[in-house]
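# A closer look at the structure
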Amino acid sequence: MRTGRTGSAAVLAGALALGAFAAPSAEAADTGVKVSNLVVNGGKPIVVGTTAEVTPKFSFHIATPSGTKVSDVTPFPFLYHDTTPAKAIDSGGIYTGFTECGDGPRAADCTGELTVDPRYRLDSTNDATAWKVAVWIRVWTADDKLKGEQFLTGFGTAQVKRAAKVTVDASPEPVAKGGKLTVTGRITRADWARHTYTGFGGKAAKLQFRKAGTSTYSTVKTVSADSAGALRTTVTAAAAGYWRWTFGETSTTGGATAAGDYVDVK
């Protein structure tokens, strides 16, 4: 089965591909197909929550040897870690949703997207790591018989991270000028084993304030969350405005910023 076509573009539906293609044989050899300039998600981390499907884009350039056209090739970019490409393509990888290539006879630029469904592809916090990038190449004859196949590697890694959230609540509301204002919140992040958000204990967050009528937040202090991810601090109320918590990403977790909580100062 070769790549389907839409106009001059080659299109691969990854959701169907794994059901339609058998796993590569151990005799997979050099096809002569070259892939270059492969970029996943613009080089940025792929941040995934607990339920929503994420579809990071990718792009690459493909070139074929003499006697092989771009339209004869099925390029299948995918991500894997802690295994081999051959095993990952059968189970445990992050796969192509679709690939679309231009109509150059022996060279073309291609684009597409991966499909990351945390309910099926991510089942452990260990999946928050650097995934290796590979391309499964399959070359077809004019009568749709498999001519050759190969795994291309060496394209670097794509970081997959756990999505995070943070809440904020400032009270009392309203508060007297010069009075004490207590600002609380909670940092949570995606737990892919339980498919829910759990407390991000020990994470430091910045408490920021934006005065009413202005557009810029300023950092007031930095507070570390307790073991359950809870944040709590006390500040002096000087003017009406918006309070929020914010924190940056880590090697395994994305950053988050709460929507501002408005407090009137009387």
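Residues numbered from 1 in each chain as written. Predicted model: local features only at pLDDT ≥ 70, side-chain atom pairs only at ≥ 80, totals over all residues. Heavy atoms only, no water.

### A word on the nonpolar core
The tendency in soluble globular proteins is for nonpolar side chains to be buried as a group. For clarity, the threshold we go by: To qualify as a nonpolar core, a set must consist of buried Ala, Val, Leu, Ile, Met, Phe, Trp, Tyr and Cys residues joined through side-chain atoms within 4.5 Å. Here's how the labels work: a residue is buried when its accessible area is under 20% of the maximum for its type, exposed when over 50%, partly exposed in between, all with a 1.4 Å probe on protein chains only. Elements are defined by DSSP. Helices are runs of H or I of four residues or more, strands are runs of E of two residues or more, and each kind is numbered from the N terminus. Residue contacts are counted whenever heavy atoms from the two residues lie within 4.5 Å of one another.
Counting 31 residues, the largest nonpolar core has Val35, Ile46, Phe60, Ile62, Leu79 and Ile137 as the members making the most contacts within it. Going through the elements one at a time, strand 3 (34-40), strand 4 (46-48), strand 5 (57-63), strand 6 (73-80), strand 8 (107-115), strand 9 (130-140) and strand 11 (157-162) are the ones with two or more residues in this core. Looking at which element gives the most residues to this core, the answer is strand 9, with 5 residues. Contact partners of leucine 79, with chain neighbours within four places excluded, come to Ile46, Gly93, Ile94, Leu114, Trp131, Lys132, Val133 and Ala158.

### Description of the environment of alanine 163
Considering the arrangement of structural elements, one finds alanine 163 in the loop between strand 11 and strand 12 (164-166). On the accessibility criterion, alanine 163 (12% relative accessible area) is buried. Through-space distance from the C-alpha of alanine 163 to that of alanine 256 is 8.3 Å; in sequence the pair is 93 residues apart. Contact partners of alanine 163, with chain neighbours within four places excluded, come to Val47, Val48, Gly49, Thr188, Arg189, Ala190 and Tyr197.

### What about the packing of aromatic side chains?
Stated precisely, the cut-off is as follows: Each Phe, Tyr or Trp ring, with Trp reduced to its six-membered ring, pairs with another whose centre is within 6.5 Å; inter-plane angles below 30 degrees give stacked pairs, above 60 give edge-to-face pairs, and intermediate values give tilted ones. Two limits define a charge over a ring: the Lys NZ or Arg CZ must be within 6 Å of the ring centre, and within 35 degrees of the ring normal.
Counted according to the given criterion, the structure contains 8 aromatic pairs. For the ring pair tyrosine 242 and tyrosine 262, a centre distance of 5.0 Å and an interplane angle of 55° mean the geometry is tilted. Taken together, the residues span a long stretch of sequence, with tyrosine 242 in strand 19 (residues 241-247) and tyrosine 262 in strand 21 (residues 261-263) at a distance of 20 residues. Through successive ring pairs, a cluster of aromatic residues spans Phe76, Phe78, Tyr80, Tyr95, Trp136 and Phe151. The ring of tyrosine 197 has lysine 165 lying over it, and the distance from NZ or CZ to the ring centre is 4.1 Å. Lying over the aromatic face of phenylalanine 200, arginine 189 brings its terminal NZ or CZ to 3.8 Å of the ring centre.

### Description of the confidence of the model for the protein
Convention followed: A residue's pLDDT is simply how confident the predictor is in it, with values from 0 to 100.
Model confidence for the protein is summarised by a mean pLDDT of 91, while 89% of its residues fall at 70 or above. Low confidence marks residues 1-23, where pLDDT is under 50. Its contacts with residues over four positions away, or in another chain, come to 57 contacts.

### A look at the environment of phenylalanine 76
Residue position: phenylalanine 76 is located in strand 6. Under the relative-accessibility criterion, phenylalanine 76 is labelled buried at 1%. Counting along the chain gives 58 residues from phenylalanine 76 to alanine 134, while the straight-line C-alpha distance between them is 8.3 Å.

### Regarding the side chain of arginine 189
The line we're drawing: Counted charges follow a simple rule, with Lys and Arg positive, Asp and Glu negative, and His plus the chain ends left uncounted. A pair is scored as a salt bridge if a Lys or Arg side-chain nitrogen falls within 4 Å of a carboxyl oxygen belonging to Asp or Glu. In protein, a polar contact means a hydrogen-donor-capable atom and an acceptor-capable atom, both N or O and within 3.5 Å, with residues adjacent in sequence counting only if both atoms are side-chain atoms; elsewhere, any N or O pair within 3.5 Å suffices.
Mapped onto the elements of the fold, arginine 189 is located in strand 14 (residues 180-191). It is aspartate 191 that comes nearest to the buried, bridge-free arginine 189 among opposite-charge side chains, at 8.2 Å. Of note is the side chain of arginine 189, whose polar atom sits 2.8 Å from the side chain of threonine 253. Not counting the four nearest positions on each side in its chain, arginine 189 is found in contact with Arg162, Ala163, Ala164, Thr196, Tyr197, Thr198, Phe200, Thr252 and Thr253.

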